Amino acid sequence: MSPRIASLPDRALIRVSGPDARTFLNGLLTQEVLTLQPGDLRFGALLSPPGRLLFDLLLLGQEDGVLIDVASDRRDALIQRLNLYRLRAHVTIEPIDGTVQVLWPAAPDVPGAPDPRLSTLGHRRYGEPLPVTDTPEAWHHHRLSLGIPDPARDGGQDTTYPIEANFDLLNGIDFSKGCFIGQETTSRMKRRGAIRNRMLPLDIDGPLPAFGTEVLNGERRAGQTLSGQGNRVMALLRLDRLDGDLTVEGTPARVQRPDWTGL
């Protein structure tokens, strides 16, 4: 069966190259970069010093550096932030013209690099674009069916901790690597089990609610809705209030617990 193929105009590319490229990024990002081989794809983030999510990233190893897949409306801000940290590192940081494509379902002969978050997400492709067969909306429907958040849509800027966006469950944080920006808070949350909220999908018996709509468990606040499609919406939910009768604007809602979450 031929894969479904969509281009994602809301994603853009940056190349970090030069002799210090991997060392430079490794000291900043939640993901291990030193061992990133050409053609390997990894998921990670750049955090604020207090440990909140600034940029979600997919990192493709290249012979001369690393190709970064980032939200297109955040590309300039990421370049500015990386240049702020560059100091004397021998690196070149530049925007790259190119198309980010997604191909699904996953199969051994599908071109591109397997998505490191979850194998069933499919592949991502950064080379010469293939003829598209589907829309970005079809891709997001597939992503939502697996319960995977889109941090750029759901996380906000400097408001969400990466563990709340499930980075620790989706191979987005390497807890065994050296230091990275925001590591102290991130490691403490994981080590102490102080994880009170996570992004999880909700199925709602009604129209899609606005971003930030309150989710109730009885009369108690259980969280808020994020982005969604159709009758499924991602929500940032309190883990101690998942059980019971959930509602959104008086409409019944059912929390889903994908197998990969372990919940």
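See the structure above.
The numbers attached to residues start from 1 for each chain and follow its sequence in the written order. At least 70 in pLDDT is required for a residue's local features to be given in this predicted model, at least 80 for side-chain atom pairs to be given and counted, and no such filter applies to totals for whole chains, interfaces and linings, which use all residues. In computing side-chain properties, one takes all heavy atoms of the structure into account and sets aside hydrogens as well as water.

**Q** Break down the side chain of Asn217 for me, with residues and values.
**A** The helix count covers DSSP runs of H or I at least four residues long, the strand count covers runs of E at least two residues long, and both are numbered beginning at the N terminus. Tracing the sequence through the fold places Asn217 in strand S11 (residues 214–217). For this analysis, residues touch if any pair of their heavy atoms sits within 4.5 Å. The contacts of Asn217, once residues within four sequence positions are left out, are Ala222, Arg241, Asp243, Gly244, Asp245 and Leu246.

**Q** Now, about the nonpolar core: what can you tell me, with residues and values included?
**A** In summary, soluble globular proteins display a tendency toward joint burial of nonpolar side chains. If you look at the biggest cluster of nonpolar residues, it comprises 37 residues, and the most contacted ones within it are Tyr126, Trp139 and Phe167. Contributing elements (two or more residues each) for this core: strand S3 (41–47), strand S4 (53–62), strand S7 (101–104), helix H3 (136–145) and strand S13 (232–238). Top element by residues in this core is S3. It accounts for four residues. Once residues within four sequence positions are removed from consideration, Trp139 is found in contact with Ala6, Leu8, Val102, Trp104, Arg117, Leu121 and Arg124. Buried Ala, Val, Leu, Ile, Met, Phe, Trp, Tyr and Cys residues that are joined via side-chain atoms within 4.5 Å together make up what is termed a nonpolar core. Each residue is placed in one exposure class: buried if its accessible area under a 1.4 Å probe, protein chains only, is under 20% of its type's maximum, exposed if it is over 50%, and partly exposed if it falls in between.

**Q** An account of the sheet that holds strand S14 (residues 246–248) is needed here, citing residue identities and associated values.
**A** Pairing is antiparallel in the closed barrel, where six strands are placed in the order S10-S13-S12-S11-S14-S15. Strand-to-strand twist of the sheet, defined as the mean angle between neighbouring strand axes without regard to direction, takes the value 40 degrees. With seven bridges connecting them, strand S10 (residues 197–204) and S13 associate as antiparallel partners. Along S13, the bridge assignment pairs Met199 with Leu236. Note: two strands are recorded as paired if DSSP finds a minimum of 2 bridges between them. Comment: axis = line fitted to C-alpha atoms, over the contacting stretch for helices; angle = value between 0 and 180 degrees taken between N-to-C directions.

**Q** Go over the pattern of salt bridges, please, and point to the residues and values.
**A** Any carboxyl oxygen of Asp or Glu within 4 Å of a side-chain nitrogen of Lys or Arg constitutes a salt bridge here. Tallied over the full model, the rule gives 15 salt bridges. A salt bridge links Arg124 to Asp69, with the nearest nitrogen and oxygen atoms 2.9 Å apart. Linking Arg124 in strand S9 (residues 123–125) with Asp69 in strand S5 (residues 65–71), this pair joins segments that are 55 residues apart in sequence. For the pair Arg124 and Asp69, one class covers both residues: buried.

**Q** Describe the packing of aromatic side chains, naming the residues involved and giving the relevant values.
**A** Paired rings are identified among Phe, Tyr and Trp, the last through its six-membered ring, by centres lying within 6.5 Å, and are further divided according to the angle between planes into stacked (under 30 degrees), edge-to-face (over 60) and tilted (the rest). Enumeration over the complete set of coordinates arrives at two aromatic pairs. Ring geometry for Phe43 against Phe167: centres 4.5 Å apart, planes inclined by 20 degrees, an arrangement best described as stacked. In this pair, Phe43 sits in strand S3 while Phe167 sits in the loop between helix H4 (151–154) and helix H5 (183–192), placing the two residues 124 residues apart along the sequence. We classify Phe43 as buried; its relative accessible area is 2%. Residue class for Phe167 comes out buried when judged on its relative accessible area of 0%. A ring is scored as having a charge over it whenever the NZ atom of a lysine or the CZ atom of an arginine sits within 6 Å of its centre and within 35 degrees of its normal. Positioned above the aromatic ring of Phe43 is the side chain of Arg117, whose terminal nitrogen or guanidinium carbon lies 5.4 Å from the ring centre.

**Q** Which residues make up the pairing of S11, and what values go with them?
**A** Along S11, the buried face is formed by Val215 and Asn217; none of Glu214 and Leu216, which line the opposite face, is buried. When S11 meets strand S12 (residues 220–229), the two strands line up antiparallel, connected through four bridges. Considered in S12, the bridge of Asn217 is made with Arg220.

**Q** I'd like a rundown of the side chain of Thr160, residues and numbers included.
**A** Tracing the sequence through the fold places Thr160 in the loop between H4 and H5. Engagement of the side chain of Thr160 in a polar contact is seen with the side chain of Thr159, the distance being 3.4 Å. Sequence-distant contacts of Thr160, that is, excluding residues within four places in its chain, are made with Arg52, Leu53, Gly155, Ala165 and Met199. In the analysis that follows, any N or O atom pair within 3.5 Å is treated as a polar contact, provided that within protein one partner can donate a hydrogen and the other can accept it, and provided that, for residues neighboring in sequence, both atoms belong to side chains.

**Q** Run through H3, naming residues and quoting values.
**A** For H3, the set of buried residues is Ala138, Trp139, His140, His142, Arg143 and Leu144. Residues of H3 that are buried make contact with strand S1 (4–7), S7, S9, H4, S12 and S13.

**Q** Describe in detail the environment of Thr247, supporting the description with residues and values.
**A** Considering the arrangement of structural elements, one finds Thr247 in strand S14. Measuring from C-alpha to C-alpha, the distance between Thr247 and Asn217 comes to 6.6 Å, with 30 residues separating the pair along the chain. Ignoring any residue separated from it by four or fewer positions in sequence, one finds Thr247 in contact with Glu214, Val215, Leu216, Pro252 and Ala253.

**Q** Pulling in residues and values, what's your account of the sheet that holds strand S2 (residues 11–17)?
**A** Spatially, the five strands line up as an open sheet ordered S3-S4-S5-S2-S6, and their pairing is antiparallel. With one partner strand each, in any of the chains shown, S3 and strand S6 (92–96) form the two edges of the open sheet. For this sheet, the mean angle separating the axes of adjacent strands, direction not counted, is 30 degrees. Both S2 and S5 contribute to a ladder of seven bridges, which runs antiparallel. Looking across to S5, one finds that Ile14 is bridged to Ile68.

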